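Spelled out, the chains give:
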Amino acid sequence: MTARRFDLIAFDWDGTLFDSTAAIARSIQLAVADVGGTVPSDEQASYVIGMALLPALAHAAPDVPKDKYNDLANRYRYHYLKQQELITLFKGVLPMLEGLRERGHWLAVATGKSRRGLNEALQHVDLRGMFDSSRTADETAGKPHPLMLQELMAELGVQPERVLMIGDTTHDLQMAQNAGCASVGVAYGAHAGAELVACAPLHVAHDVEDLHQWLRTNA
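So, how was this worked out
The numbers attached to residues start from 1 for each chain and follow its sequence in the written order. Given that the model is predicted, a residue must reach a pLDDT of at least 70 before its local features are reported, and side-chain atom pairs must reach 80 or more before they are shown or counted; all residues, however, enter totals for whole chains, interfaces and linings. Working from all heavy atoms in the structure, the side-chain values ignore hydrogens and water. Per the convention used, a helix needs a DSSP run of H or I reaching at least four residues, while a strand needs a run of E reaching at least two, with both numbered from the N terminus. Only heavy atoms enter the contact rule, under which two residues are in contact if any of them lie within 4.5 Å. Think of a polar contact as two N or O atoms within 3.5 Å of one another; within protein, one of them needs to be a possible hydrogen donor and the other a possible acceptor, and neighboring residues in sequence only count if both atoms come from side chains. Axis definition: a line fitted to C-alpha atoms, over the contacting stretch in the case of helices. Angles run 0 to 180 degrees between N-to-C directions. With respect to orientation, any angle under 35 degrees is reported as roughly parallel, any angle over 145 as roughly antiparallel, any angle of 65 to 115 as roughly perpendicular, and every other angle as oblique. One speaks of a salt bridge when a side-chain nitrogen belonging to Lys or Arg is within 4 Å of a carboxyl oxygen belonging to Asp or Glu. Here the term buried applies to any residue with accessible area under 20% of the maximum for its type, exposed to any over 50%, and partly exposed to those in between, with areas from a 1.4 Å probe on protein chains only. Criterion used throughout: strands pair if DSSP finds at least two bridges between them. The criterion is simple. A nonpolar core is a set of buried Ala, Val, Leu, Ile, Met, Phe, Trp, Tyr and Cys residues joined through side-chain atoms within 4.5 Å.

Comments concerning unusual backbone geometry
Piece 1. Between lysine 143 and the following residue, proline 144, the backbone shows a cis peptide bond with an omega angle of 10°.
Piece 2. The residue proline 144 is located in the loop between β3 (133-136) and α7 (147-156) in this model.
Piece 3. Positive phi values are uncommon outside glycine, yet aspartate 126 reaches one of about 55°.
Piece 4. Among the structural elements, aspartate 126 can be located in the loop between α6 (115-124) and β3.

And the structure:
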């Protein structure tokens, strides 16, 4: 077994561990249509995944006036919750997380979801005891601001060079850069592999098996 390089491994949630990218993008599109905005393309709706909800919706629907943002957010939640029970973890995520815990890594979630949304998702997939800590966008600064990772490092007593951030968007990888941490991208979520490579991750995994293998060898 190789020596452990990272003490803390922080994961994004949607599109990294949880196979929810298509559902989120579709919910954004339906919500924008409901309030009368110009419906974003699949690419435009996927781009904002990982950001805090209101900034994400504002970016995806720039012609929706600010006084409709609450309505837009409520319609998004309505459409997403209709689909949530059908969404699950990507294949291979559970054994990967269990393997990392067995090696003694601390595990955390750093997500653009709300605390309520993350708690519901963790309960849905029965992972409530898997993570040592988590941060959500309604508790701290949204990505790519580094505060999520900085708070996790302070809580767990880990230095930046001993932290690895894993995510499917440039927002995740830029947050890692801003916090002085290493990152790994996953190209099976919201952003394309070429976009992720531009953020200088240590690796870009094309599926969970690829990610798991890289972590066994390099983390």
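What to know about the environment of glutamate 155
Piece 1. Summarising the element assignment, glutamate 155 is placed in helix α7.
Piece 2. Taking C-alpha positions, glutamate 155 is 8.4 Å from serine 133, a pair spaced 22 residues apart along the chain.
Piece 3. Residues in contact with glutamate 155, not counting those within four places in the same chain, are Asp132, Ser133 and Arg135.
Piece 4. Among the polar contacts made by the side chain of glutamate 155, one reaches the side chain of arginine 135 at a distance of 3.0 Å.

Overview of the packing of α7 against helix α8 (residues 170-179)
Relative orientation and spacing of two packed helices are given, respectively, by the angle between their axes and the distance between those axes.
Piece 1. At their nearest, the axes of α7 and α8 sit 8 Å apart, and the two run at 55° to each other. By the angle between their directions, the pair α7 and α8 is classed as oblique. Contact residues: Met148, Leu149 and Met153 in α7; Met175, Ala176 and Ala179 in α8.

As for the pattern of salt bridges
Piece 1. For the structure shown, the criterion picks out 12 salt bridges.
Piece 2. Taking the shortest distance from any N to any O, the salt bridge between aspartate 7 and arginine 4 comes out at 3.3 Å.
Piece 3. Since its relative accessible area comes to 18%, aspartate 7 is described here as buried.
Piece 4. Classification of arginine 4 by relative accessible area gives partly exposed; the value is 35%.
Piece 5. Here aspartate 172 and lysine 143 are joined by a salt bridge, their closest N and O atoms 2.6 Å apart.

A short note on the sheet that holds strand β5 (residues 182-186)
Piece 1. With parallel pairing, six strands are arranged side by side in an open sheet as β3-β2-β1-β4-β5-β6. The open sheet has two edge strands, β3 and β6 (204-205), and neither has a second partner.
Piece 2. Here four bridges tie strand β1 (residues 8-11) to strand β4 (residues 163-167), and the two strands are oriented parallel to one another. Following the sheet pairing, alanine 10 is matched in β4 by methionine 165.
Piece 3. Along the sheet, α6 makes contact with β2 (106-111) and β3, crossing β3 at roughly 135°.
Piece 4. Where α7 meets the sheet, its contacts fall on β1, β2, β3 and β4, and the angle it forms with β3 comes to roughly 155°.

Side note on the nonpolar core
In globular proteins that are soluble, nonpolar side chains generally tend to be buried together.
Piece 1. Membership of the largest hydrophobic core comes to 55 residues, with the highest contact counts inside it found for Phe11, Trp13, Leu97, Phe131 and Leu215.
Piece 2. Of all the elements, helix α1 (residues 21-35) adds the most residues to this core, at seven residues.
Piece 3. Sequence-distant contacts of tryptophan 13, defined by excluding residues within four places in its chain, comprise Phe18, Leu89, Val109, Ala110, Thr111, Lys113, Leu118, Ala121, Leu122, Val125, Leu127 and Phe131.

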